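Below, each chain spelled out in residue letters.
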Amino acid sequence: MKRSSGILMPISSLPAPYGIGTLGAEARKFVDFLAAAGQSWWQILPVGPTSFGDSPYQSFSAYAGNPYFVDLDLLREDGLLKQSEIEAVTWGDDPGTVDYQTIYENRFSLLRLATDRGWARDEEQVAAFAKENEGWLPDYALFMALKRHFGMKSWTEWPDEDIRLRRQWAVERYRTELAEDIRLFTYIQYLFFRQWESLRSYAHEKGIGIIGDLPIYVAMDSADVWADPRAFQLDERNVPAEVAGVPPDYFTADGQLWGNPLYDWDAMKADGYGWWVRRIAGASRLYDILRIDHFRGLESYWAVPYGETTAKNGRWVKGPGMDLMRVLTEKFPNIQFIAEDLGYLTPEVRQLLKESGLPGMKVLEFAFDSREPSNYLPHTYTPHCVCYAGTHDNSTLMGWKDEADPGDIAMARRYLGLNEEEGFHWGILRGGQSSVAELFVAQMQDYLGLGAETRMNTPGTLGGNWRWRMLPGQITEELTEKIAAMTRLYGRSNDGWRT
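On a predicted model such as this, the values are computed, not experimentally measured, just so you know. (Residues numbered from 1 in each chain as written. Predicted model: local features only at pLDDT ≥ 70, side-chain atom pairs only at ≥ 80, totals over all residues. Heavy atoms only, no water.)

*Asks:* Account for the overall build of the protein chain, with residues named and values stated.
*Replies:* When helices and strands are counted, the protein chain shows 19 helices and 12 strands. Over its C-alpha atoms the protein chain spans a radius of gyration of 23 Å, differing by no more than 12% from the 23 Å that the globule rule assigns to 499 residues. Seen through its C-alpha atoms, the protein chain measures out along the principal axes to roughly 70 × 55 × 40 Å. Looking at the protein chain as a whole, 59% of its 499 residues are labelled buried. Surface exposure of the protein chain reaches about 20,700 Å², of which carbon and sulfur atoms provide 50%. Taking the 51 positively charged and 70 negatively charged side chains of the protein chain as two groups, their mean positions are separated by 3 Å. (Helix = DSSP H or I, 4+ residues; strand = E, 2+ residues; numbered from the N terminus. Rg over C-alpha atoms; globule rule 2.2 N^0.38 Å. Buried < 20%, exposed > 50% of the residue type's maximum accessible area, 1.4 Å probe, protein only. Areas by Shrake-Rupley, 256 points an atom, 1.4 Å probe, with all protein chains shown as cover. Lys, Arg positive; Asp, Glu negative; His and termini not counted. Charge placed at Lys NZ, Arg CZ, Asp CG, Glu CD.)

Rendered as structure tokens:
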């Protein structure tokens, strides 16, 4: 990876008139801003359809795109919607936050109209798209149709055991019975990927690559688990014995109970990790660099007995390690990976990172613990790493300044020479930009100097997360040039990144 920089900005956080960021005009404007600011990368959060809690890390599918991101103006221009139909819908009162409940209640009626108008017209293109994605699309479309049919309950709670356990006669019956909704969810994916591929091509023309997150686990309530339970540690009734989480630490006394099903690594290894190969192939259609979330779980993962209410009573279990990483790096030589190697790192995890050759992460908000030395301080870096000011799980820099231990902030001021004239957040950004790390990434909120109220996610909490949106006009020419000047000064300016 050459010396460069990028900005973390979720699709959902883009300005747009219809309640949430989309793949339309504002996304292209953001690409234009990135190029003008000398950036090389746009990092986003996972773009799959979100489930309970609205987290992009708990998706109904590892392959599908979020229906909310389908741009309505592009559908209008394509003759699939009328402006009066779009304006007749309420999208929420606050342009600075996403009102997920309102969008959930209103978005699909418009997407149904678009499907009704476009299905026959686009029949050949949709058929080609379905053929190209036959490994996941039929299962996903049926899964979503079934969820609608059963009142959006988790598939583990569906009252019809035959379809819950995916018996063939039940699958065939519901494919016929729910054909209309299956068509809806198929066409939505056709629209999403058509818009996504257009946006990604535009980004590449402007010299911008896209960094995407690959959550290590998939949601229990997902088409992935329902359609292929053999890939997971489930019993004959598809009930897990243990689920995923992380143990207690300095920040969380109970640990974090994620609840995701754990992989059956022995079964996966027996077929050459085909499940993971297919997953990475799907992700490569979306992203240019993949950040592997919770990388340490590939060395050893925390397994919590199913039914526990906290993650305290778990155990460490060995993961696939280099067996898996060797397959992925050999199968996908043209994809770059980033290892999210945060958290409790043992010598074995550090060895896996070294053997894999992946760059790890350094987070500046973790660097200035005044009580003990930190390997996140910039002078300790080697070039083959990615420096983040903070991630989506951190507060913004200005929020961190107000919330962190005063000793940590004092240490940051001494180390980076922070001063009021430059501004606290600009001094931290300077520290990351000037580091030897090959890549530097900061949240858009940090370049805007926004406070803790714009934090994207607080781990271990349910509700109130994933809601921040940038307001129209917050990106100015002055800000763009200031970012570009800093990027040039520290040798990270984009001189024509290309795939």
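*Asks:* Pulling in residues and values, what's your account of helix H14 (residues 347-356)?
*Replies:* Residues of H14 that are buried: Val349, Leu352, Leu353 and Ser356. When H14 is viewed along its axis, its buried side chains cluster within an angular range of 100 degrees and face the same direction. In H14, the exposed positions angled more than 90 degrees off the buried face are occupied by Pro347 and Lys354. Packed against the buried residues of H14 are helix H13 (322-331), strand S9 (336-339) and strand S10 (360-363). Looking one or two residues beyond H14, the residue adopting positive phi is Gly357, at roughly 80 degrees. (Arc of directions from axis to C-beta. Contact = heavy atoms within 4.5 Å.)

*Asks:* Residue-level account of the sheet that holds S9, with values.
*Replies:* Hydrogen bonds along the backbone pair up the strands of a sheet, which may run parallel or antiparallel. An order of S9-S6-S3-S2-S1-S12-S11-S10 is seen for the eight strands of this open sheet, with the pairing classed as parallel. The sheet is open, and its two borders are formed by S9 and S10, each paired with just one other strand. Across the sheet, the axes of successive neighbouring strands diverge by a mean angle of 25 degrees, strand direction being ignored. With five bridges connecting them, strand S1 (residues 4-8) and strand S12 (residues 439-443) associate as parallel partners. Each bridged residue has a counterpart across the sheet, and for Ile7 the counterpart in S12 is Ala442. (Pairing = 2+ DSSP bridges. Axes fitted to C-alpha atoms, helices over the stretch in contact; angles between N-to-C directions.)

*Asks:* Outline the packing of aromatic side chains, listing residues and values.
*Replies:* The relation between two aromatic rings is expressed through the spacing of the ring centres and the mutual angle of the planes. One pass over the structure, following the stated rule, counts 39 aromatic pairs. Considering the side-chain rings of Tyr140 and Phe185, the 6.5 Å spacing of their centres and the 85 degrees angle between planes classify their relative orientation as edge-to-face. With a gap of 45 residues between them, Tyr140 in helix H6 (residues 137-149) and Phe185 in helix H9 (residues 179-205) connect regions that are remote in the sequence. Looking at Tyr140, the relative accessible area reads 1%, which means it is buried. With a centroid separation of 5.9 Å and 85 degrees between ring planes, the pair formed by Phe232 and Trp275 is classed as edge-to-face. Here Phe232, found in the loop between helix H10 (223-227) and strand S4 (242-246), pairs with Trp275, found in helix H12 (residues 274-284); they are 43 residues apart in sequence, far enough to count as distant. Judged by its relative accessible area of 2%, Phe232 falls in the buried class. The residue whose ring lies beneath Arg166 is Trp226, and the NZ or CZ to ring-centre distance is 4.6 Å. Just above the ring of Phe424 sits the side chain of Lys401; from NZ or CZ to the centre is 6.0 Å. (Phe/Tyr/Trp six-rings, centres within 6.5 Å; stacked < 30°, edge-to-face > 60°. Lys NZ or Arg CZ within 6 Å of the ring centre and 35° of its normal.)

*Asks:* Can you tell me about the nonpolar core, naming the residues and giving the values?
*Replies:* Counting residues in hydrophobic clusters, the biggest one holds 161 residues, and the most contacted among them are Phe30, Trp42, Trp196, Trp276 and Met444. Ignoring sequence-local partners within four residues, the contact set of Phe30 consists of Ile7, Met9, Leu14, Trp42, Met444, Met470 and Ile475. (Core = buried A, V, L, I, M, F, W, Y, C linked by side-chain atoms within 4.5 Å.)

*Asks:* How would you sum up the pattern of salt bridges? Please name residues and give values.
*Replies:* Within the structure shown, the criterion is met by 36 salt bridges. For Arg291, the salt bridge is made with Asp293, and the minimal N-O distance between the two is 3.4 Å. There is no split in this pair, since Arg291 and Asp293 are both buried. Its salt-bridge partner being Arg413, residue Glu420 comes within 3.7 Å of it at the nearest N-O pair. Here Arg413 falls in the partly exposed class, since its relative accessible area comes to 30%. When salt bridges with common partners are traced through the structure, they connect Glu161, Asp162, Arg164, Arg167 and Arg237 into a single cluster. (Salt bridge = Lys/Arg side-chain N within 4 Å of Asp/Glu carboxyl O.)

*Asks:* Give a description of the environment of Ile103 that names residues and reports values.
*Replies:* Among the secondary structure elements, Ile103 is positioned in helix H4 (residues 100-118). Remark: the alpha-carbon pair of Ile103 and Thr90, spanning 13 residues in sequence, is separated by 8.4 Å. Excluding residues within four positions of it along the chain, Ile103 makes contact with Gly19, Ile20, Tyr68, Trp91 and Val98.

*Asks:* An account of unusual backbone geometry is needed here, citing residue identities and associated values.
*Replies:* Outside of glycine, negative phi angles account for most residues, and trans bonds account for most peptide bonds. Positive phi, normally seen in glycine, also occurs at Tyr273, with a value near 60 degrees. Within the secondary structure, Tyr273 sits in the loop between helix H11 (265-270) and H12. Residue class for Tyr273 comes out buried when judged on its relative accessible area of 4%. In this structure, Trp466 is a non-glycine residue whose phi angle is positive, near 60 degrees. Tracing the backbone through its elements, the reader meets Trp466 in the loop between helix H18 (444-448) and helix H19 (477-489).

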